[in-house]
Amino acid sequence: MLRTIVTHLILIAGVLFLVTPLWVAFASSTHAPETLLRDGLQFWFGDRFLETYSAVLFETGGVTKTSTAARMLINSLVLGLGFAVGKIAISMLAAYAIVYFRFPLALPMFWVIFLTLLLPLEVRIVPSYEVVAKMGLLNTYTGLIVPLIASATGTFFFRQFFKSVPDELLEAARIDGAGPFRFFIDILVPLSKTMIAAIFIIMFVVGWNQYLWPLIMTTDDQLYTIVIGIKQAFQVVYEGGQIPQFQEAFALAVLATLPPVLVVLFFQRWFVRGLLESEK
C-alpha cells in the first residue's frame, strides 16, 4: 500500500513538473501586456484570450511582424508530416531489402546505414545545404523535407520487426504467386501498422521541432515554421520601446505544443503496441 502511494506521488510530481510551465504560459497569454509587465507571470486566466489568439493567428503584423501563426502552423504541419511519412517509406523499403532479398552485402550495408547515427544534422549541414542550393530547392517544401528523410533509426526498428515475421508467410505468398511488391504491400504493410504508428509519432515530433535546418533553408517568411516563429517572437518582445507583448509570445508557444500533443494522444495505444512488438 505504501509503495503504491509513493509511486503515485512520484508520478503526480513528475506530471506537475512537466505541465506547470505550459499552464503558466497559457494562463499568462490571456492577460494584458501591462498586467504581465507589472505583476509578472500569471497562474490564472485573464480576459484577453480571444483578442490575443486572434491577433497571433490571423494578423500579419503579429508577434513576428512577418507571418501569421496560422501560416507557420501549416508550414510546420507540412514539414512534420513529410518528415514522418518520408522516413517511414524509406525505412520500410530499406529494411525490406535487407531482410528479404538477402544479398551478400546486406548485413554490412545495414551497419553502414546504422553508423550514420554518428553523423547528426549539424555535422553534415554544410554539404547538405550546398547540394540543396545547387538543385535550386531553397525556400521550397521539397528542400525542407527530402534531405532529412533517410532514417537509420526507422530502418533498425523495421528490420527487427520484419525479422520477427514468420517465414511461412513468405512461403505462402510465393505459393499464391505473389511477387515481392505484392508481398510487401498486401502482407508486410498491414502487419506493420502498429510499428508504423510508433515510428510516425516519433518522427512527426522530431520533424515538428526542427529548428536549425528550416532556419538555414528558408529566407522567405512565408515558409517559416512555428519553432522559428517562437524564436522571432521573443526577439521582437525585447526590442523597441513599446510595451513587450509577452502574452502573444506565450500564445505562440502554446499553439506550437498542440499538434504534437494531439498526435501522441491519437496514436498512443498503437505507439505502445508498436514499441512492445519491436522488442519481440
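Colleague: Which parts of the structure should I look at to understand the overall build of the protein?
Modeller: Within the protein one finds 15 helices and zero strands. Principal-axis analysis of the C-alpha atoms gives the protein an extent of 75 × 65 × 30 Å. Intrachain contacts of the protein at a sequence separation of at least 6 include 73% that bridge at least 24 residues. Between the averaged position of the 18 positive side-chain charges in the protein and that of its 18 negative side-chain charges there is a distance of 9 Å.

Colleague: Help me understand the side chain of Thr30 in this model?
Modeller: Relative to the elements of secondary structure, Thr30 occurs in the loop between helix H1 (2-28) and helix H2 (33-39). A distance of 2.7 Å separates the side chain of Thr30 from the backbone oxygen of Ala27, its partner in a polar contact.

Colleague: Before we go on, may I ask you to explain the environment of Phe250 in this structure?
Modeller: With respect to the element layout, Phe250 can be found in helix H14 (residues 246-266). Residues Phe250 and Phe26 lie 224 residues apart in sequence; the distance between their C-alpha atoms is 6.7 Å. Non-local contacts of Phe250, meaning those with residues more than four positions away in its chain, are made with Ala25, Ser28, Ser29, Leu36, Leu41 and Phe234.

Colleague: Looking at this model, I keep getting lost on the pattern of salt bridges. Mind explaining?
Modeller: Close approach of charged atoms lets side chains of opposite charge pair. Throughout the structure, instances matching the rule amount to three salt bridges. As a salt-bridge pair, Arg48 and Glu51 come within 2.8 Å of each other at their nearest N and O atoms. On the basis of relative accessible area, Arg48 is assigned to the partly exposed category, the value being 21%. Put simply, Lys134 and Glu130 hold a salt bridge, and the shortest N to O gap is 3.2 Å. One end of the pair is Lys134 and the other is Glu130, both in helix H6 (residues 121-134) and four residues apart, which spans about a single turn.

Colleague: Help me understand the confidence of the model for the protein in this model?
Modeller: Any residue range with low pLDDT should be treated as having predicted coordinates unsuitable for detailed reading. Chain-level pLDDT for the protein is 82 on average; 90% of the residues reach the 70-or-more range. Ranking the helices and strands of the protein by mean pLDDT puts helix H4 (residues 69-101) first, with 89, and helix H15 (residues 268-278) last, with 65.

Colleague: Honestly, the environment of Ile113 in this entry has me stumped. Any pointers?
Modeller: Mapped onto the secondary structure, Ile113 falls in helix H5 (residues 106-115). Note: C-alpha distance between Ile113 and Ser151 (38 residues apart in sequence) is 8.3 Å. If sequence neighbours within four positions are ignored, Ile113 has contacts with Ile98, Ala152 and Thr155.

Colleague: What is the right way to read the side chain of Lys87 from this model?
Modeller: Its location among the elements puts Lys87 in helix H4. Relative accessible area serves as the criterion here: at 7%, Lys87 is assigned to the buried category. Separated by 2.9 Å, the side chain of Lys87 and the backbone oxygen of Leu148 make a polar contact. Excluding anything up to four places from it in sequence, Lys87 contacts Leu148, Ile149, Ala150, Ser151 and Met203.

Definitions and limits used
- Residues numbered from 1 in each chain as written.
- Predicted model: local features only at pLDDT ≥ 70, side-chain atom pairs only at ≥ 80, totals over all residues.
- Heavy atoms only, no water.
- Helix = DSSP H or I, 4+ residues; strand = E, 2+ residues; numbered from the N terminus.
- Contact = heavy atoms within 4.5 Å.
- Lys, Arg positive; Asp, Glu negative; His and termini not counted.
- Charge placed at Lys NZ, Arg CZ, Asp CG, Glu CD.
- Polar contact = N/O pair within 3.5 Å; in protein donor to acceptor, adjacent residues only side chain to side chain.
- Salt bridge = Lys/Arg side-chain N within 4 Å of Asp/Glu carboxyl O.
- Buried < 20%, exposed > 50% of the residue type's maximum accessible area, 1.4 Å probe, protein only.
- pLDDT = per-residue confidence, 0-100.

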